Amino acid sequence: MPGVLLTGFEPFAGDATNPSGDAVRLVAERWGEPEPLATAVLPVSFDTAAAQLRQLIATHDPDVVICTGLAGGRSGISVERVAVNLIDARIPDNAGDQPVDTRSVADGPAAWFSTLPVKAIAAAVAGSGIPCTLSLSAGTYVCNHVFAHAVDAVRPGARARFIHVPWAAGQAPHGEPELPIDDIARALVIAVRTALDVHQDTATPGGTLH
Ligand code: PCA
């Protein structure tokens, strides 16, 4: 039976909450699928988040790893296609570190593609009525860093990817787009189910012109 590791993040940048961590806690409470699910809420710290994620992967040896984080200002769920091997922190992390122009994985390649079926996942989430698109940049902050470590750390044959979520309803700064936290949690369950069930991504066009 394939196992799943699903992570979110603690609040950062002075926010009171982080919908990614809240949604992951909801998924853990409601999980009814047969596959074993391990969950964690990671600190927003370059060093600690990557170390904890690598420890979780070593402990649970998951077949599917899905890490999630907040992308405030985006209007829907975004399935990240690429992790770049670049840290350029615009703000300090929760430990006060602000590394600039360094690599996430010292001896790693310039970038990694998600190893999960991103188009099938985006289509399944959008098909359930929750706005969801593909994204070509997970940024250069802690989320992208954790994505890079996830793809680098899983054993051969295991698959990893990153999903950014928008603000949860009632928590968004004035005028920012938001989704109900239940929809965010539901989207993560659909993403996990699709990742487990689909091994060959759909070949439909999904790129951007610019
Ligand atoms: N979002 C930040 C870090 C933690 C989070 O939830 C990011 O996108 O890098």
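Rules of the game
- Residues numbered from 1 in each chain as written.
- Predicted model: local features only at pLDDT ≥ 70, side-chain atom pairs only at ≥ 80, totals over all residues.
- Heavy atoms only, no water.
- Helix = DSSP H or I, 4+ residues; strand = E, 2+ residues; numbered from the N terminus.
- Rg over C-alpha atoms; globule rule 2.2 N^0.38 Å.
- Buried < 20%, exposed > 50% of the residue type's maximum accessible area, 1.4 Å probe, protein only.
- Contact = heavy atoms within 4.5 Å.
- Core = buried A, V, L, I, M, F, W, Y, C linked by side-chain atoms within 4.5 Å.
- Phe/Tyr/Trp six-rings, centres within 6.5 Å; stacked < 30°, edge-to-face > 60°.
- Near = heavy atom within 4 Å.
- Polar contact = N/O pair within 3.5 Å; in protein donor to acceptor, adjacent residues only side chain to side chain.
- Areas by Shrake-Rupley, 256 points an atom, 1.4 Å probe, with all protein chains shown as cover.
- Nonpolar A, V, L, I, M, F, W, Y, C, P; charged D, E, K, R; others polar.
- Pairing = 2+ DSSP bridges.

A short note on the overall build of the protein chain
On a plain count of helices and strands, the protein chain comes out with five helices and 12 strands. By the compact-globule yardstick of 17 Å for 210 residues, the protein chain fits well, its C-alpha radius of gyration being 16 Å. Structurally, the protein chain occupies a C-alpha span of about 45 × 40 × 40 Å along its principal axes. Residue burial in the protein chain is summarised as follows: out of 210 residues, 49% are buried. Summarising the internal contacts of the protein chain: among those between residues at least 6 apart in sequence, 79% fall at separations of at least 24.

Notes on the nonpolar core
Phe-9, Leu-53, Val-65, Val-142 and Val-146 are the most contacted members of the largest nonpolar core, which totals 35 residues. Top element by residues in this core is helix H4 (residues 142-153). It accounts for seven residues. The contacts of Val-65, once residues within four sequence positions are left out, are Leu-5, Ile-57, Leu-116, Ala-150, Val-154, Arg-159, Ala-160 and Arg-161. Residues Val-118, Ala-168, Ile-184 and Leu-196 belong to the second largest nonpolar core, which totals 31 residues.

Points about the packing of aromatic side chains
Tallied over the entire structure, the rule returns three aromatic pairs. With centroids separated by 6.0 Å and ring planes inclined at 35°, the aromatic side chains of Phe-147 and Phe-162 adopt a geometry described as tilted. Of this pair, Phe-147 sits in helix H4 while Phe-162 sits in strand E10 (residues 159-165), and the two are 15 residues apart along the sequence. Residue classification places Phe-147 among the buried residues on the basis of a relative accessible area of 0%. Following the ring pairs from residue to residue traces out a cluster consisting of Phe-12, Phe-46 and Tyr-141.

Describing the site of the ligand
Close contacts around the ligand come from Phe-9, Phe-12, Asn-18, Val-44, Gly-69, Leu-70, Tyr-141, Val-142, Cys-143 and His-164, and that covers them all. Contact between the ligand and Asn-18: an oxygen atom at 2.8 Å from a side-chain N or O atom of the residue. One of the backbone nitrogen or oxygen atoms of Val-142 is found 3.5 Å away from an oxygen atom of the ligand. Burial of the ligand by the surrounding chains reaches 94%, relative to a free accessible area of 260 Å². Of all the secondary-structure elements, those providing two or more residues to the shell around the ligand are strand E3 (64-70) and H4. The residue inventory of the shell around the ligand, partitioned by class, reads seven nonpolar, three polar and no charged.

Observations regarding the pairing of E10
Of all the seven residues making up E10, seven are buried; the element is thus mostly covered by neighbouring parts of the structure. One ladder, built from three bridges, connects strand E4 (residues 77-80) with E10; its direction is antiparallel. The residue bridging Ser-78 from the neighbouring strand is His-164, located in E10.

Topic: the side chain of Thr-68
Secondary-structure assignment places Thr-68 in strand E3. In this structure Thr-68 comes out as buried when scored by relative accessible area, which is 0%. Excluding its chain neighbours within four sequence positions, the residues that come into contact with Thr-68 are Leu-6, Thr-7, Gly-8, Phe-9, Ser-20, Val-24, Phe-162, Ile-163 and Leu-188.

Without other data, these values stay purely geometric and don't point to any function.
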